[in-house]
Amino acid sequence: MTITVSSQHKFYVSNGRGEEIATAEVYEKQNTFWITNVWVHPDCRERGLATNVLKEVLRYYKNSDLYLGVHGFTNRPLSDDQLAEWYKKFGFEETSVPSIMVRRGRRWHD
Ligand SMILES: CC(C)(COP(=O)(O)OP(=O)(O)OC[C@H]1O[C@@H](n2cnc3c(N)ncnc32)[C@H](O)[C@@H]1OP(=O)(O)O)[C@@H](O)C(=O)NCCC(=O)NCCS
């Protein structure tokens, strides 16, 4: 039996009263890193919170390939196409798998 140790990181912004108002989580699966739960509290949207949290994720994982599935959730203020265009601004590219995008990590020999 092989026991796999996977890592997971949660990035969040709190409102100072212990409540999370913006989140993104990264988990490792078979040596690949996946971003999930990119979310901002409806009362705190359109102030750049998601952008700042995503930038922190990209800074933390700058040397790793980062995957994500573009699937809006909760009340979906942004369509999946709008979300994909937004992720492209951070260097994410479409893959051959529909709705899956990847951002290549920095390669030391570049
Ligand atoms: C998607 C989401 C995280 C964006 O959070 P946010 O803090 O409002 O985003 P930001 O303020 O950082 O804005 C990000 C971009 O989206 C645009 N945007 C945000 N809300 C928008 C809206 N309601 N209509 C149009 N554009 C919008 C901003 O203008 C910005 O674009 P820019 O980078 O070209 O300036 C938030 O709407 C959310 O939690 N949605 C529900 C969960 C979800 O669908 N998550 C994505 C899963 S893949």
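Described below are features of the structure shown in this document. (Residues numbered from 1 in each chain as written. Predicted model: local features only at pLDDT ≥ 70, side-chain atom pairs only at ≥ 80, totals over all residues. Heavy atoms only, no water.)

## Description of helix α1 (residues 49–60)
Under the 1.5 Å per step criterion, the end-to-end length of α1 is 17 Å for twelve residues, consistent within 8% with the ideal 16 Å. Among all positions in α1, only L49, V53, L54, V57 and L58 are buried. What you see down the axis of α1 is that its buried residues fit within an arc of 165 degrees, all on one side. Elements in contact with the buried residues of α1: β1 (8–14), β2 (20–29), β3 (32–40), β4 (66–69), α2 (80–88) and β6 (100–103). (Helix = DSSP H or I, 4+ residues; strand = E, 2+ residues; numbered from the N terminus. Expected span 1.5 Å × (residues − 1). Buried < 20%, exposed > 50% of the residue type's maximum accessible area, 1.4 Å probe, protein only. Arc of directions from axis to C-beta. Contact = heavy atoms within 4.5 Å.)

## Focus: the pattern of salt bridges
All told, the structure shown has seven salt bridges when counted by the stated rule. With its nearest N and O atoms 3.1 Å apart, the salt bridge here joins E20 to K10. Of this pair, E20 sits in strand β2 while K10 sits in strand β1, and the two are ten residues apart along the sequence. Overall, the relative accessible area of 30% leaves E20 in the partly exposed class. Looking at K10, the relative accessible area reads 41%, which means it is partly exposed. (Salt bridge = Lys/Arg side-chain N within 4 Å of Asp/Glu carboxyl O.)

## Re the site of the ligand
Taken together, 21 residues lie around the ligand, and V38, E46, G48, T51 and K89 are the ones closest in. One nitrogen or oxygen atom from the side chain of R45 is found 3.3 Å from an oxygen atom belonging to the ligand. Within the backbone of G48, a nitrogen or oxygen atom sits 2.8 Å from an oxygen atom of the ligand. For the ligand, the cavity whose grid points lie within 2 Å of the majority of its atoms is the largest pocket. Where the shell around the ligand is concerned, the elements lending two or more residues are β3, α1 and α2. (Near = heavy atom within 4 Å. Polar contact = N/O pair within 3.5 Å; in protein donor to acceptor, adjacent residues only side chain to side chain. 1 Å grid on protein atoms, 1.4 Å probe; cavity = no way out; pocket = protein on both sides within 12 Å on 5 of 7 lines; lining within 4 Å. Sits in = over half its atoms within 2 Å of the grid points.)

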